[in-house]
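Observations on the three-dimensional arrangement
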Amino acid sequence: MNQPSNVDRQEIDKFNRVANLWWDPTGKMGMLHVINPLRSQFVFDHADVNGARVVDVGCGGGILTETLAKAGANVVGIDQSDLTLEVARQHARQGGLDIDYRLQTVEELVALEAGSYDVVTCLEMLEHVPDPAAVIDACARLLKPGGHVVFSTINRTFKAWLFAIVGGEYVMRILPRGTHEYAKLIRPDEMRRWAGASGLAFLRSASLMFNPLNKSFRVAPGREDVNYMASFVKRA
């Protein structure tokens, strides 16, 4: 079977290797559990997900996806790591959650369900694909007019390289080594340009600011620092 064109097999292999770590809050994916309440609140601040049709693009093990489901969303989670999706399915079953997890790219999903989602989330995924602009465009095409999308990624700056890659992966080891490649990181102006070309209007951004002394995060509205989030609405 041919590999989808906008999938990096090496990136998928990375996540297959750590599939069993997703729901260990003390393991190498533990920081995702720490920041999930902050990221999910950013989503909730921009979109009412209760009763909404939502897709979590690049859902991984389902940490955010489950939060969306618990908030009342009718949620689909898509990813390209089959091992990770199986972990997500098992955890959702254990929690009695009805989540539709699919081994599917966002481009494949939009070919089937364009214009049918109220909310799209795509967190920490854009930096792991060959063509992030195509992912942003597909996310836009999934939305109904007036629908909302939230992206998060890591900025391509020296500070981001120093803190997220050197500090996060090699010094403090709060992420598995090799999780990120500097050349694949995305500047905020690039994201906004791609989003605008796809019919999305920028709303606001915020950054997750890390305190290395107590290993905690806070949200800084309006900042586009190392790890940043951005919300957009689809133009009518």
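Everything below is about the structure shown above.
Residues numbered from 1 in each chain as written. Predicted model: local features only at pLDDT ≥ 70, side-chain atom pairs only at ≥ 80, totals over all residues. Heavy atoms only, no water.

**A word on the sheet that holds strand 8 (residues 227-234)**
Taking strand neighbours across the sheet as the criterion, the 8 strands line up as 3-2-1-4-5-8-6-7 in an open arrangement whose pairing is mixed. A strand with exactly one partner marks an edge of an open sheet, and here the two such strands are strand 3 (100-103) and strand 7 (216-221). Between one strand axis and the next, the sheet turns by 20° as a mean value, whatever way the strands run. Relative to strand 4 (residues 117-123), strand 1 (residues 53-57) runs parallel, the two being bridged by 3 bridges. Bridge pairing links Asp-56 to Thr-121 in strand 4. The sheet contacts of helix 2 (residues 30-46) involve strand 4, strand 5 (143-154), strand 6 (200-211), strand 7 and strand 8, and relative to strand 6 the element is tilted by about 150°. (Pairing = 2+ DSSP bridges. Helix = DSSP H or I, 4+ residues; strand = E, 2+ residues; numbered from the N terminus. Axes fitted to C-alpha atoms, helices over the stretch in contact; angles between N-to-C directions. Contact = heavy atoms within 4.5 Å.)

**Comments concerning the packing of aromatic side chains**
Here the structure, examined in full by the defined rule, presents 2 aromatic pairs. Measuring from ring centre to ring centre gives 5.9 Å for Phe-151 and Phe-232, while their planes differ by 65°; the resulting arrangement is edge-to-face. Residue Phe-151 is found in strand 5, and its partner Phe-232 is found in strand 8; the two are separated by 81 residues along the sequence. The residues Phe-151 and Phe-232 share a single accessibility class, namely buried. On the numbers, 5.5 Å between centres and 65° between planes, the contact of Phe-202 with Phe-232 is edge-to-face. Of the two residues, Phe-202 is situated in strand 6 and Phe-232 in strand 8; the sequence distance between them amounts to 30 residues. Among the aromatic residues, those joined into a cluster by ring pairs are Phe-151, Phe-202 and Phe-232. Across the ring face of Tyr-117, the terminal group of Arg-53 is positioned such that the distance to the ring centre comes to 4.3 Å. Here the guanidinium or amino end of Arg-192 rests over the ring plane of Phe-202, the centre of that ring lying 5.4 Å away. (Phe/Tyr/Trp six-rings, centres within 6.5 Å; stacked < 30°, edge-to-face > 60°. Buried < 20%, exposed > 50% of the residue type's maximum accessible area, 1.4 Å probe, protein only. Lys NZ or Arg CZ within 6 Å of the ring centre and 35° of its normal.)

**With respect to the environment of Lys-234**
Secondary-structure assignment places Lys-234 in strand 8. Non-local contacts of Lys-234, meaning those with residues more than four positions away in its chain, are made with Ala-140, Arg-141, Leu-143, Lys-144, Pro-145, Gly-146, Gly-147, Gly-199 and Leu-200.

**What about helix 3 (residues 63-70)?**
Most of helix 3 is tucked away, with 7 of its 8 residues classed as buried. Turning to helix 3, its buried residues are Ile-63, Leu-64, Thr-65, Glu-66, Thr-67, Leu-68 and Ala-69. Of the surrounding elements, those touching the buried residues of helix 3 are helix 2, strand 1, strand 2 (74-79), helix 4 (82-94), strand 3 and strand 4. Of the residues trailing helix 3, Gly-72 is marked for its positive phi of about 100°.

**Examining the nonpolar core**
For soluble globular proteins, the rule of thumb is that nonpolar side chains tend to be buried together. Within the largest apolar cluster, 30 residues are counted, with the highest numbers of intra-cluster contacts made by Val-49, Val-54, Leu-68, Val-75 and Tyr-101. Those elements giving two or more residues to this core turn out to be helix 2, helix 3, helix 4, strand 4 and strand 6. If near-sequence neighbours (up to four positions away) are discounted, Tyr-101 is found in contact with Cys-59, Gly-61, Gly-62, Thr-65, Glu-66, Gly-77, Leu-85, Ala-88, Arg-89 and Ala-92. (Core = buried A, V, L, I, M, F, W, Y, C linked by side-chain atoms within 4.5 Å.)

**Quick look at unusual backbone geometry**
Unusually for a residue other than glycine, Glu-124 sits at a positive phi of about 55°. Turning to its location among the elements, Glu-124 is positioned in the loop between strand 4 and helix 6 (132-142).

**Description of the environment of Arg-235**
Along the chain, the position of Arg-235 falls in the segment after strand 8. Residue classification places Arg-235 among the partly exposed residues on the basis of a relative accessible area of 45%. Along the chain, Arg-235 and Leu-200 lie 35 residues apart, while their C-alpha atoms are 5.9 Å from each other. Not counting chain neighbours up to four residues away, the residues in contact with Arg-235 comprise Pro-145, Gly-196, Gly-199, Leu-200 and Ala-201. Reaching out from Arg-235, the side chain makes a polar contact with the backbone oxygen of Gly-196 at a distance of 3.5 Å. For Arg-235, the side chain forms a polar contact with the main-chain oxygen of Leu-200, separated by 3.3 Å. (Polar contact = N/O pair within 3.5 Å; in protein donor to acceptor, adjacent residues only side chain to side chain.)

**A closer look at the packing of helix 5 (residues 106-113) against helix 6**
Where helix 5 contacts helix 6, the two axes come as close as 9 Å, and the packing angle between them is 25°. It follows that helix 5 is roughly parallel to helix 6 by the angle criterion. Considering the relative orientation of helix 5 and helix 6, their crossing is left-handed. Residue-level inspection shows Val-106, Glu-107, Leu-109, Val-110 and Glu-113 of helix 5 in contact with helix 6, the latter providing Ala-134, Val-135, Ala-138, Cys-139, Arg-141 and Leu-142. (Parallel < 35°, antiparallel > 145°, perpendicular 65-115°, else oblique. Left-handed = near helix turned anticlockwise from the far one by under 90°.)

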